[in-house]
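Letter by letter, the chains look like this.
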Amino acid sequence: MTTYYTLVPSPVGPLLLTGDGESLQGLHFSTGAKKKEAEAGWRNDAAPFREVIRQLDAYFKGALHDFDVPLAPLGTPFQRNVWSALREIPYGRT
């Protein structure tokens, strides 16, 4: 399976988006102490992320609160459970 990636600018710094061509699998900081970089064999292509980029742009402009993109996050079962629980927290709440 091919992993696609692209870097997108954002107010919090460049973000590395990864996916399988259908779903977003990861969104990572590309700078800083816990930065993630593209791995050998990944394909640099922004096309699979057009909708993600559009929604991120709207979010950072304050015009979007709920994302609607297919997700297939890569992680342990525990990580996926935590991410699922985090999605239940309403916008603007902690």
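Calculation criteria
- Residues numbered from 1 in each chain as written.
- Predicted model: local features only at pLDDT ≥ 70, side-chain atom pairs only at ≥ 80, totals over all residues.
- Heavy atoms only, no water.
- Pairing = 2+ DSSP bridges.
- Helix = DSSP H or I, 4+ residues; strand = E, 2+ residues; numbered from the N terminus.
- Contact = heavy atoms within 4.5 Å.
- Axes fitted to C-alpha atoms, helices over the stretch in contact; angles between N-to-C directions.
- 1 Å grid on protein atoms, 1.4 Å probe; cavity = no way out; pocket = protein on both sides within 12 Å on 5 of 7 lines; lining within 4 Å.
- Points joined across faces, edges and corners; volume = space filled by probe spheres on them.
- Nonpolar A, V, L, I, M, F, W, Y, C, P; charged D, E, K, R; others polar.
- Phe/Tyr/Trp six-rings, centres within 6.5 Å; stacked < 30°, edge-to-face > 60°.
- Buried < 20%, exposed > 50% of the residue type's maximum accessible area, 1.4 Å probe, protein only.

Novice: Would you explain the pairing of strand E3 (residues 24-29) in this entry?
Specialist: For a regular strand, side-chain orientation follows a simple rule: the groups alternate between the two sheet faces. Where strand E2 (residues 15-19) lies against E3, 5 bridges are found, and the strand directions are antiparallel. Across the sheet, Gly19 pairs through a bridge with Leu24, a residue of E3. Counting the residues in the hairpin turn of E2 and E3 gives 4 residues, including Gly21, whose phi is positive at 100°.

Novice: What am I meant to see in the sheet that holds E3 here?
Specialist: Strand pairing within a sheet occurs via backbone hydrogen bonds; the two strands may be parallel or antiparallel. The sheet built from 4 strands is open, its strands ordered E3-E2-E1-E4 with mixed pairing. The two strands at the open ends of the sheet, each matched to only one other strand, are E3 and strand E4 (43-44). Across the sheet, helix H1 (residues 50-60) touches strand E1 (4-8), E2 and E3, and the angle it forms with E2 is around 145°.

Novice: Sorry, what's going on with the layout of surface pockets here?
Specialist: It is a probe the size of a water molecule, rolled over the atoms, that shows where empty space is left. Size it by volume and the largest pocket reaches roughly 1400 Å³. Lining the largest pocket are 33 residues, with Leu24, Leu27, Phe67, Leu71 and Arg87 sitting closest to its centre. Among the elements of the structure, E2, E3, H1 and helix H2 (77-86) are those that each provide at least two residues to the lining of the largest pocket. Classifying every residue of the lining of the largest pocket by side-chain character gives 20 nonpolar, 8 polar and 5 charged.

Novice: What's the story with the packing of aromatic side chains in this structure? I'm lost.
Specialist: How two aromatic rings sit relative to each other is set out by the distance from centre to centre and by the angle between their planes. By the definition in use, this model includes 3 aromatic pairs. On the numbers, 6.2 Å between centres and 50° between planes, the contact of Tyr5 with Trp42 is tilted. A residue pair is termed long-range when its members are at least 10 positions apart, and Tyr5 in strand E1 and Trp42 in the loop between E3 and E4 qualify at 37 residues. The burial state of Tyr5 is the same as that of Trp42; both residues are buried. Between Tyr59 and Phe67 the ring centres are 5.3 Å apart and the planes differ by 40°, which places this aromatic pair in the tilted class. Using a relative accessible area of 38% as the deciding quantity, one classes Phe67 as partly exposed. These aromatic residues form a ring-pair network of at least three members: Tyr59, Phe60 and Phe67.

Novice: Hey, could you run me through the pairing of E1 in this one?
Specialist: Counting buried positions over the 5 residues of E1 gives 4, a clear majority of the element. Here E1 folds back onto E2 in antiparallel fashion, the turn holding 6 residues, of which Gly13 has a positive phi close to 105°. In this sheet, E4 lies alongside E1 in parallel orientation, the contact comprising 2 bridges. Pairing of Tyr5 across the sheet is with Asn44, part of E4.

Novice: Any chance you could explain the environment of Met1 here in plain terms?
Specialist: Tracing the chain through its elements places Met1 in the segment before E1. Residue classification places Met1 among the exposed residues on the basis of a relative accessible area of 85%. Once the C-alpha coordinates of Met1 and Gly21 are considered, the two residues, 20 residues apart in sequence, prove to be 9.6 Å apart.

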